[in-house]
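An overview of the molecular structure
Spelled out from the first residue to the last, the chains are:
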Amino acid sequence: MTAPTPLIAGNWKMNGTSASLAEAKAIAQGVGDCPGRVAICPPSILIHRMAEALEGSKVVVGGQDAHWDDAGAFTGDISGEMLADAGARMVILGHSERRAGYRETDEIVAAKVKAALRAGLEPIVCVGETLEERKAGDTLRIVTGQVRGSLPAELAGKPFAVAYEPVWAIGTGLTPTTAEIEEVHRAIRATLVELFGDAGRAVPILYGGSVKPSNAAEILHADEVGGALVGGASLKAQDFLAIVTAL
Ligand code: 13P
């Protein structure tokens, strides 16, 4: 079984307007022949224009969420098919900001993953513990439980990634130690192999939470780290490119 191809994905969250397309183009121009895959997940309203602007480049475009149903009376929501139609190739699902802010359970995330697969999108499924859970010594139980609950059997044979994002490390400047990251990533890998057999070894496990140019190399070279999901530092081409080139 081949090792996972690393993936660096930028999650722009609720940041960016049409003026930010220039930043995306600068990223696409700067990635060169980096050894991994690179994605930008902008607000959904920018996906179409960004996909057009980056066409032919190494950088693919992704969504930040998609509904569990394919169509219907869901005011304000976006389906996987719509994302794919606009030019997205991937979609982030189960981000902790959605789990916490919109009460998304593992069951909801798993249903969204199935819908994303129906639309031909590659899911990036997020998991991670809160500070209270870490302090209580519950990290591995919580994270592996989220992996089991959020990854449906339909993922077998399909490309997807898991992103480990400790909630307390997101947007705080705090990061776990390299040993702590490796402990969780090894536990996620073991769970993936349990769920998907040998194919679970080829799934990239991204780390996310305060990844920046100054810590990217150490994090990206840690055992079982197959890339990064980058928030704030993905908004500036210079910072994001410094992370991509640390691969
Ligand atoms: P920051 O890189 O801003 O901490 O955000 C991480 C994140 O939530 C990416 O999905």
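The coordinates are above.
Reference entry: report on the structure contained in this document. Just so it is clear, the structure is predicted and the values come from calculations on it, not from any experiment.

Quick word on the side chain of His-95
Secondary-structure assignment places His-95 in the loop between strand S4 (90-93) and helix H4 (96-101). His-95 sits in the buried class, given a relative accessible area of 4%. At 2.9 Å, the side chain of His-95 and the backbone nitrogen of Glu-97 are in polar contact. In contact with His-95, not counting residues within four places along its chain, are Asn-11, Lys-13, Cys-126, Glu-165 and Ile-170.

What about the pairing of strand S8 (residues 227-230)?
Judged by which residues are buried, S8 turns out to be covered on both faces: Gly-227 and Leu-229 on one side and Ala-228 and Val-230 on the other are all buried. Here strand S1 (residues 7-11) pairs with S8 via four bridges, running parallel. When the bridges of S8 are listed, Ile-8 appears paired with Ala-228. Looking at chain direction, strand S7 (residues 205-208) and S8 are connected through two bridges and run parallel. Looking across to S8, one finds that Gly-208 is bridged to Leu-229. Crossover connection from S7 via helix H9 (residues 213-220) to parallel S8: handedness right-handed.

With respect to the pattern of salt bridges
Inspection of the entire model under this criterion finds 16 salt bridges. Between Asp-138 and Arg-141 there is a salt bridge, with its nearest N and O atoms 3.0 Å apart. Judged by its relative accessible area of 23%, Asp-138 falls in the partly exposed class. Between Asp-223 and Arg-186 there is a salt bridge, with its nearest N and O atoms 2.8 Å apart. On the criterion of sequence distance, the pair formed by Asp-223 in the loop between H9 and S8 and Arg-186 in helix H8 (residues 178-196) is long-range, its members being 37 residues apart. The network of salt bridges with common partners includes Asp-65, Arg-98, Glu-104 and Lys-112.

Considering the sheet that holds S7
Reading around the barrel, the eight strands line up as S1-S2-S3-S4-S5-S6-S7-S8 and close back on themselves, with parallel pairing between neighbours. For this sheet the average axis-to-axis angle between neighbouring strands, irrespective of direction, equals 25°.

Digging into helix H1 (residues 21-30)
Here H1 has its buried residues at Leu-21, Ala-24, Ile-27 and Ala-28. Around the axis of H1, the buried residues are gathered within 115° of arc, so they sit on the same side. Once H1 finishes, Gly-32 follows within two positions and takes phi at roughly 55°, a positive value.

Observations regarding the nonpolar core
Formed by 61 residues in total, the largest nonpolar core has its most connected members in Ile-40, Leu-151, Ile-188 and Leu-192. With residues near it in sequence (within four places) discarded, Leu-151 still touches Val-125, Phe-160, Val-162, Leu-192, Leu-195 and Phe-196. Core analysis: the second largest hydrophobic core is formed by twelve residues, Met-90, Ile-92, Cys-126 and Ala-163 among them.

What about the layout of surface pockets?
The calculated volume of the largest pocket comes to roughly 530 Å³. For the largest pocket, the lining is made up of 20 residues, of which Lys-13, Gln-64, Asp-65, Arg-98 and Tyr-102 are closest to its centre. Here the lining of the largest pocket is built from residues that sort into eight nonpolar, seven polar and five charged.

Brief notes about the site of the ligand
Close to the ligand lie Asn-11, Lys-13, His-95, Glu-165, Ala-169, Ile-170, Gly-171, Gly-209, Ser-210, Leu-229, Gly-231 and Gly-232. A distance of 2.8 Å is found between an oxygen atom of the ligand and a side-chain nitrogen or oxygen belonging to His-95. Ser-210 is positioned such that a nitrogen or oxygen atom in its backbone is 2.8 Å from an oxygen atom of the ligand. For the ligand, whose free accessible area comes to 300 Å², the fraction covered by protein is 94%.

Observations regarding the pairing of strand S2 (residues 37-41)
Most of S2 sits inside the fold, with four of its five residues counted as buried. Pairing of S1 with S2 involves five bridges; the strand directions are parallel. Across the sheet, the residue bridging to Leu-7 is Arg-37, located in S2. Running through H1, the crossover from S1 to the neighbouring parallel element S2 is right-handed.

Reading guide: rules and limits
- Residues numbered from 1 in each chain as written.
- Predicted model: local features only at pLDDT ≥ 70, side-chain atom pairs only at ≥ 80, totals over all residues.
- Heavy atoms only, no water.
- Helix = DSSP H or I, 4+ residues; strand = E, 2+ residues; numbered from the N terminus.
- Buried < 20%, exposed > 50% of the residue type's maximum accessible area, 1.4 Å probe, protein only.
- Polar contact = N/O pair within 3.5 Å; in protein donor to acceptor, adjacent residues only side chain to side chain.
- Contact = heavy atoms within 4.5 Å.
- Pairing = 2+ DSSP bridges.
- Right-handed = clockwise from strand over helix to strand, strands pointing away.
- Salt bridge = Lys/Arg side-chain N within 4 Å of Asp/Glu carboxyl O.
- Axes fitted to C-alpha atoms, helices over the stretch in contact; angles between N-to-C directions.
- Arc of directions from axis to C-beta.
- Core = buried A, V, L, I, M, F, W, Y, C linked by side-chain atoms within 4.5 Å.
- 1 Å grid on protein atoms, 1.4 Å probe; cavity = no way out; pocket = protein on both sides within 12 Å on 5 of 7 lines; lining within 4 Å.
- Points joined across faces, edges and corners; volume = space filled by probe spheres on them.
- Nonpolar A, V, L, I, M, F, W, Y, C, P; charged D, E, K, R; others polar.
- Near = heavy atom within 4 Å.
- Areas by Shrake-Rupley, 256 points an atom, 1.4 Å probe, with all protein chains shown as cover.

Note that all results are geometric; they support no functional claim without further evidence.
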